[in-house]
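Each chain is listed here by its residues.
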Amino acid sequence: LGAFDYLQKPYDSEKLLDTVSRALNKLSALDTEIVSVSPEMDKVKKLILKIAKSNSTVLIRGESGTGKELIARAMHMKSLRASETFQAVDCAAINENLLESELFGHEKGSFTGAVGEKKGLFEIADHGTLFLDEIGELDIALQAKLLRALQEREIRRVGGVKEISVDVRVLAATNRDLLKMTEEKRFREDLYYRLNVLSIEIPPLRERRSD
């Protein structure tokens, strides 16, 4: 509206460009699927905008139903990888043997039913973002393979022998206390710190009644 007003009368081109720029920045800041009116979520939105441009891994904490995947998608859309693919997988919803193939892919004949080679989500999300929901449900053996993928930026398909380089930003989410799980030896401590480079805590709905 400010830009439109300028068009109705003689205007300073620099002021017009500044007005348009500020309007676009404001729209960009609000352009997410997160619908909220609570001050608690306003803080979360500001944090998303602050860390979205980073390539660091992010651990999103929050109870079930608080919108962790929406947060991850918003972060991807505000990142430098926004034009690339966003892939998501629920680690609690897939059998651990199938999950390894889902993440890293497999070669033809590597197991019964592997009738052809398959790219995993790490390969599919190359140059984009991979969201690992319910990361606390990941089997301990698979945790080691995930850690290696994060450290080396390389994966090996199930039944494969060659390393495949991947450039993926990983966002992970959990409703569990991963730090406590590391103390109980149910979650690798080195993987926890590799995932928890940046962190976002989503307040439960009972603490934001206005939503």
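Heads up: the structure comes first, above all this text.
Described in the following lines is the structure provided in the data block. (Residues numbered from 1 in each chain as written. Predicted model: local features only at pLDDT ≥ 70, side-chain atom pairs only at ≥ 80, totals over all residues. Heavy atoms only, no water.)

So, about the nonpolar core. Membership of the largest hydrophobic core comes to 30 residues, with the highest contact counts inside it found for Leu103, Phe122, Leu132, Ile135, Leu146, Phe187 and Leu195. Elements supplying a minimum of two residues to this core: α5 (96-104), α6 (121-124), β3 (129-133), α7 (140-152), β6 (169-174), α8 (178-183) and α9 (189-195). Among the nonpolar cores identified, the runner-up in size contains 18 residues, and Val58, Ala72, Phe131 and Ala173 belong to it. (Core = buried A, V, L, I, M, F, W, Y, C linked by side-chain atoms within 4.5 Å. Buried < 20%, exposed > 50% of the residue type's maximum accessible area, 1.4 Å probe, protein only. Helix = DSSP H or I, 4+ residues; strand = E, 2+ residues; numbered from the N terminus.)

Attention shifts here to the sheet that holds β3. Whether parallel or antiparallel, the strands of a sheet pair through hydrogen bonds between backbone atoms. On the basis of which strands lie adjacent, the open sheet formed by 5 strands has the order β2-β3-β6-β1-β7 and parallel pairing. Whereas interior strands pair on both sides, the edge strands pair on one side only; in this sheet they are β2 (86-90) and β7 (198-201). Strand after strand, the sheet turns through a mean of 15° between neighbouring axes, direction not considered. As judged from the 4 bridges shared by β3 and β6, these two strands associate in the parallel manner. Residue pairing for β6: Leu132 is matched across the bridge by Ala172. Its contacts with the sheet place helix α3 (residues 39-51) against β1 (58-61), β6 and β7, and it is angled at close to 165° to β7. (Pairing = 2+ DSSP bridges. Axes fitted to C-alpha atoms, helices over the stretch in contact; angles between N-to-C directions. Contact = heavy atoms within 4.5 Å.)

Within the sequence span of α5, burial applies to Leu99, Glu100, Ser101, Leu103 and Phe104. Residues of α5 that are buried sit in contact with β2, α6, β3, α7 and β4 (154-155). Structurally, the start of α5 carries an N-cap: the backbone nitrogen of Asn97 is 2.8 Å from a side-chain oxygen of Asn95. Count one or two residues on from α5 and you reach Gly105, which has phi positive near 80°. (Polar contact = N/O pair within 3.5 Å; in protein donor to acceptor, adjacent residues only side chain to side chain.)

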